[in-house]
Each structure stands twice: as C-alpha cells, then as structure tokens.
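Here is what each chain is made of, one letter per residue.
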Amino acid sequence: MLLKLAAASCLLAALLHFACIPWGAAGYRFLGAGDVVVNAVASGDWRSHISAVVVGTLLLALAAYALAGAGVIRPLPFLRPVLLGFAAILLARAVAFPLLRPMFPGNSDLFWYVSSGLVGGLGLLFLLGALLRES
C-alpha cells in the first residue's frame, strides 16, 4: 500500500512538472517557482522546460520502481537499492532545504516548507515501503 501511494504521488508530481510546459510562466509561478524561473519562462527561455521534462521523467521512472516494489508490475533491476536510495535522496532534500534555499532565490517560505514536507513524506513512503515489502 505504501509503495502504491508513493507511485501515485510520483505520477501526480510528474504530471505537474509536465503541465508547466504548456501552462507557461503562470504554471511555474502557481507551483512555487521563483521570480528568476518565472521571468525566464515568460521571456522564452527553454531551460526551465528542459528541467521540468528531466524531473518529470525521473519521477515516472521512480513511480515504475514503486509499482514494481508493490508487486503491481514485474520486478525491476536493483529494486531494493533504488527504492532505498530514492528514499535517502528525498529525505535528505527535505531536511537540507535551508542549505539549498540560497541557490534558488525567489522561492517563498511557503514553497520551501510545503515542498520539503511533501518530499519528506514521499521519502518516508519509499523508505517504509521498501523496508516492509516482502521480498
């Protein structure tokens, strides 16, 4: 159940990242991007779109691993280490936001607290799902 919830969360997050591309600057702003990113998108800079595609694609891959861990699809290579590794990355991102924050000026306090909470919750789903799954 935990890994199915993790997969659904990753799918939703991937869709939101992909939706930013046609939605444009307003979509990036709605989802909490800082002024630098929003202004770049508004001026036609494509780099934020590339980032959105890369992050969305990684989230789809992680959703597939979560579904494999939940037994919904066939097992994927290195299943347990990938699940645990992703859990570690997500949990590290959740607690390290004070260190990351200066690298992304313009993101609001609300963005950092909400995104860190969501990422931390997702990390816990992956961690507990990986540890509790029957191998």
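Please read these numbers as outputs of a predicted model, since none were measured by experiment.

About the criteria used
Residues numbered from 1 in each chain as written. Predicted model: local features only at pLDDT ≥ 70, side-chain atom pairs only at ≥ 80, totals over all residues. Heavy atoms only, no water. Helix = DSSP H or I, 4+ residues; strand = E, 2+ residues; numbered from the N terminus. Rg over C-alpha atoms; globule rule 2.2 N^0.38 Å. Contact = heavy atoms within 4.5 Å. Lys, Arg positive; Asp, Glu negative; His and termini not counted. Charge placed at Lys NZ, Arg CZ, Asp CG, Glu CD. Core = buried A, V, L, I, M, F, W, Y, C linked by side-chain atoms within 4.5 Å. Buried < 20%, exposed > 50% of the residue type's maximum accessible area, 1.4 Å probe, protein only. Patch = residues over 30% accessible without salt bridge, like charges linked within 9 Å, V, L, I, M, F, W, Y side chains within 5 Å. Areas by Shrake-Rupley, 256 points an atom, 1.4 Å probe, with all protein chains shown as cover. Salt bridge = Lys/Arg side-chain N within 4 Å of Asp/Glu carboxyl O. Axes fitted to C-alpha atoms, helices over the stretch in contact; angles between N-to-C directions. Parallel < 35°, antiparallel > 145°, perpendicular 65-115°, else oblique. Left-handed = near helix turned anticlockwise from the far one by under 90°. Nonpolar A, V, L, I, M, F, W, Y, C, P; charged D, E, K, R; others polar. Phe/Tyr/Trp six-rings, centres within 6.5 Å; stacked < 30°, edge-to-face > 60°.

Which residues make up the overall build of the chain, and what values go with them?
Within the chain, the regular secondary structure consists of seven helices and zero strands. Element order for the chain, N to C, with α for helix and β for strand: α-α-α-α-α-α-α. Relative to a compact globule of 135 residues, whose C-alpha radius of gyration would be 14 Å, the chain shows 16 Å and is just as compact. In the chain, once contacts between residues fewer than 6 apart in sequence are set aside, the share between residues at least 24 apart is 63%. Considering the chain, the positive charge centre built from 8 side chains and the negative charge centre built from 4 side chains are found 10 Å apart.

Lay out the nonpolar core in plain terms, naming residues and giving numbers.
In terms of nonpolar packing, the biggest core is built from 21 residues, with C10, L83, L122 and F126 touching the most fellow members. Of all elements in the fold, only α1 (2-23), α4 (47-69), α5 (79-95) and α7 (109-132) reach the threshold of two or more residues within this core. A per-element tally of this core places α4 first, with six residues. Ranked by size, the runner-up nonpolar core spans seven residues in total, among them A25, Y28, A33 and A52.

Now, about a nonpolar patch on the surface: what can you tell me, with residues and values included?
Nonpolar side chains collect at one region of the surface, where W46, I50, V54 and L58 lie side by side and expose about 430 Å² of accessible area between them. In this fold, V54 is placed in helix α4. For V54, a relative accessible area of 43% gives the class partly exposed.

Can you break down the environment of R80 residue by residue, with the values?
With respect to the element layout, R80 can be found in helix α5. Classification of R80 by relative accessible area gives partly exposed; the value is 37%. Between the alpha carbons of R80 and L127 there is a distance of 9.8 Å; along the sequence they are 47 residues apart. Once you skip the residues sitting within four places of it in the chain, R80 turns out to touch A130 and L131.

Quick one: what's the story with the packing of α5 against α7, residue by residue and with numbers?
Axis separation between α5 and α7 bottoms out at 8 Å; the angle between their running directions is 155°. Of the possible angle classes, the one that applies to α5 and α7 is roughly antiparallel. For the crossing formed where α5 meets α7, the hand is left-handed. Packed against α5, whose contacting residues are R80, L83, L84, F86, A87, L90, L91, R93 and A94, the element α7 presents W112, S115, S116, V119, G120, L122, G123, L124, F126, L127, A130 and L131 at the interface. Residue classes in the contact of α5 with α7 are distributed as 15 nonpolar, four polar and two charged.

Residues and numbers for the packing of aromatic side chains, please.
Taken as a whole, this structure holds six aromatic pairs when the rule is applied. Arranged with centres 5.3 Å apart and planes meeting at 45°, the rings of W23 and F30 form a pair that is tilted. Seen from their ring centres, F97 and Y113 are 5.4 Å apart, and the 80° between their planes marks the pair as edge-to-face. Separated by 16 residues along the polypeptide, F97 in helix α6 (residues 97-100) and Y113 in helix α7 bring together distant segments of the chain. Grouping aromatic residues by their ring pairs yields a cluster made of F97, F104, F111, W112 and Y113.

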